[in-house]
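Spelled out from the first residue to the last, the chains are:
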Amino acid sequence: MNLHEFQGKLILKEYGVPVPEGISAESPAQALEAARELQVQTGTDKWVIKAQVHAGGRGKGGGIKLANNLNEVIEYADQIIGMRLVTPQTSEKGKLVRKVLVQSDIYYPGKSEIQEFYVGILLNRFESCNMIMYSPQGGMDIEKVAEESPDKIFTELINPKVGLLPFQCRNIALNLGLKGNAFNSMLNFIDKLYKAYVGSDAKLIEINPVVKTSDNKIFAVDAKVVIDDNALFRHPDIAAMRDIYEKDPIEREANRYDLNYVKLDGNVGCMVNGAGLAMATMDIIKLSGGNPANFLDVGGSADANKVEKAFRIILKDTNVKAILVNIFGGIVRCDRVAQGLIDTYKSSDKINAPIIVRFQGTNAEEGKKLIDESGLKVYSAILLQDAADLITKVLK
């Protein structure tokens, strides 16, 4: 589950990670109130207004502004709230901004140089352990740093038996070129950040940039936090942070019916029961000359009603030119799936997309018989290659 920046920082703050003081706002009036409150708390006379959407590169799209006075706070909040923010990580339509983060500016002048770093924590699947990846070149895309200056990317692998060790924190601070108070501040920062990662069951925590201020303090100025969905039962407070508006409307509807649905950009709808089968089905769609329009997994215990809901969700995508239903009957019975498809087909006003159905496993023959005797324009297949051939045929 992706979190907004202000939500991620609330979690970091709980674990003692230093973050600039900030308050979220849903209107220019709330932004002004937040700025005044921060002025009292911190004495700041400058504020950063940041769009809260699940996408990187917000500054490039005009979603981050520095306000030098309270009038600019209102002006920039008014510009950003309600805009459709287009970034390198969004579609051409962009994302509607409903909230901003009003944050105290920490780029204040002082005796020493302000520096920006990159720090990310994630799972290294090849080594089967967590990893801290960091770079002295923060404030820019880490992919660009890796491409242009791979020698500036450092990693620390965390042994799961012993966790993060003090010498690894020192390695990070040394490789970032820090000394004195800034060195000690970074040790504390890394230790608390890793505890936040483990304690919140995060899949990813990415701080870009981590800033060393002119008085040698370390702050997480930005925060991308992704929580493992499978661990949300342990964190009802975090689960309550889910922003349903960041999801596609069809995906939101699928969630209500406990369906695993992800919208893609293709032309062939895909309904399966199992994530592995979904991947194989999308591969065969691609090989047959089509492009998957979605990833839709009805799960292992789907009944006719659930299949009907899934089928209607696929039909809401106007880009779908054909639908492939690929079911392996285990717990789920193929005849139940067939009945759900037939009921949906008969109750729908108009279905223009040809439907290809492949059944294997429990009651596969009964399911195929129901489909074949329904009188509906539905193609049935036994082998996956047969289904692929039919996709090629109907897409011509």
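Residues numbered from 1 in each chain as written. Predicted model: local features only at pLDDT ≥ 70, side-chain atom pairs only at ≥ 80, totals over all residues. Heavy atoms only, no water.

Q: Would you mind showing me how to read the overall build of the chain here?
A: A tally of regular secondary structure across the chain gives 13 helices and 18 strands. The C-alpha extent of the chain, read off along each of the three principal axes, is 80 × 50 × 40 Å. Out of the 396 residues belonging to the chain, those deemed buried represent 48%. Summarising the internal contacts of the chain: among those between residues at least 6 apart in sequence, 65% fall at separations of at least 24. Entry remark: accessible area of the chain is about 19500 Å², with carbon and sulfur atoms responsible for 49%. (Helix = DSSP H or I, 4+ residues; strand = E, 2+ residues; numbered from the N terminus. Buried < 20%, exposed > 50% of the residue type's maximum accessible area, 1.4 Å probe, protein only. Contact = heavy atoms within 4.5 Å. Areas by Shrake-Rupley, 256 points an atom, 1.4 Å probe, with all protein chains shown as cover.)

Q: Looking at this structure, I do not really get the sheet that holds strand 14 (residues 268-272). What am I missing?
A: Sheet architecture is open: 6 strands sit in the order 13-15-14-16-17-18, paired in mixed fashion. Edge positions in the sheet fall to strand 13 (260-263) and strand 18 (378-381), since each has one partner strand and no second. Pairwise comparison of adjacent strand axes, ignoring direction, gives a mean angle of 15° for this sheet. Pairing of strand 16 (residues 322-329) with strand 17 (residues 355-361), which is carried by 7 bridges, proceeds in the parallel orientation. From the neighbouring strand, Ile-327 faces strand 17, where its bridge partner is Phe-359. Set on the sheet, helix 12 (residues 364-372) makes contact with strand 17 and strand 18; between it and strand 17 the angle comes to about 160°. (Pairing = 2+ DSSP bridges. Axes fitted to C-alpha atoms, helices over the stretch in contact; angles between N-to-C directions.)

Q: Got a minute to help me understand the packing of aromatic side chains in this structure?
A: Geometrically, a pair of aromatic rings is defined through the distance of the ring centres and the angle of the planes. Applying the stated criterion to the full structure yields 2 aromatic pairs. Note on Tyr-134 and Phe-154: the rings are 5.5 Å apart at their centroids and 20° apart in plane angle, and the pair reads as stacked. Here Phe-154 lies in strand 9 (residues 154-158) and Tyr-134 lies in strand 8 (residues 129-135), a separation of 20 residues in the sequence. Consider the rings of Tyr-194 and Tyr-197, whose centres lie 6.1 Å apart with planes at 25°: the pair is stacked. One end of the pair, Tyr-194, and the other, Tyr-197, are both in helix 6 (residues 180-199), 3 residues apart, so they sit about a helical turn from each other. For the pair shown, Tyr-194 and Tyr-197 are each scored as buried. A cation over an aromatic ring shows up here: Lys-309 above the ring of Tyr-257, its NZ or CZ 5.4 Å from the ring centre. (Phe/Tyr/Trp six-rings, centres within 6.5 Å; stacked < 30°, edge-to-face > 60°. Lys NZ or Arg CZ within 6 Å of the ring centre and 35° of its normal.)

Q: Could you clarify how one ought to interpret the nonpolar core in this entry?
A: Here is a general trend for soluble globular proteins: nonpolar side chains tend to be buried in one another's company. Counting 39 residues, the largest nonpolar core has Leu-12, Ile-132, Met-186 and Phe-189 as the members making the most contacts within it. Going through the elements one at a time, helix 1 (5-14), strand 7 (115-124), strand 8, helix 5 (166-175), helix 6, strand 10 (202-212), strand 11 (218-220) and strand 12 (224-227) are the ones with two or more residues in this core. Among the elements that make up this core, the one with the highest residue count is helix 6 (9 residues). Leave out the neighbours within four places in its chain, and Met-186 touches Phe-117, Ala-173, Leu-176, Leu-178, Val-210 and Ile-218. Among the nonpolar cores identified, the runner-up in size contains 32 residues, and Ala-254, Ala-310, Ile-313 and Tyr-345 belong to it. (Core = buried A, V, L, I, M, F, W, Y, C linked by side-chain atoms within 4.5 Å.)

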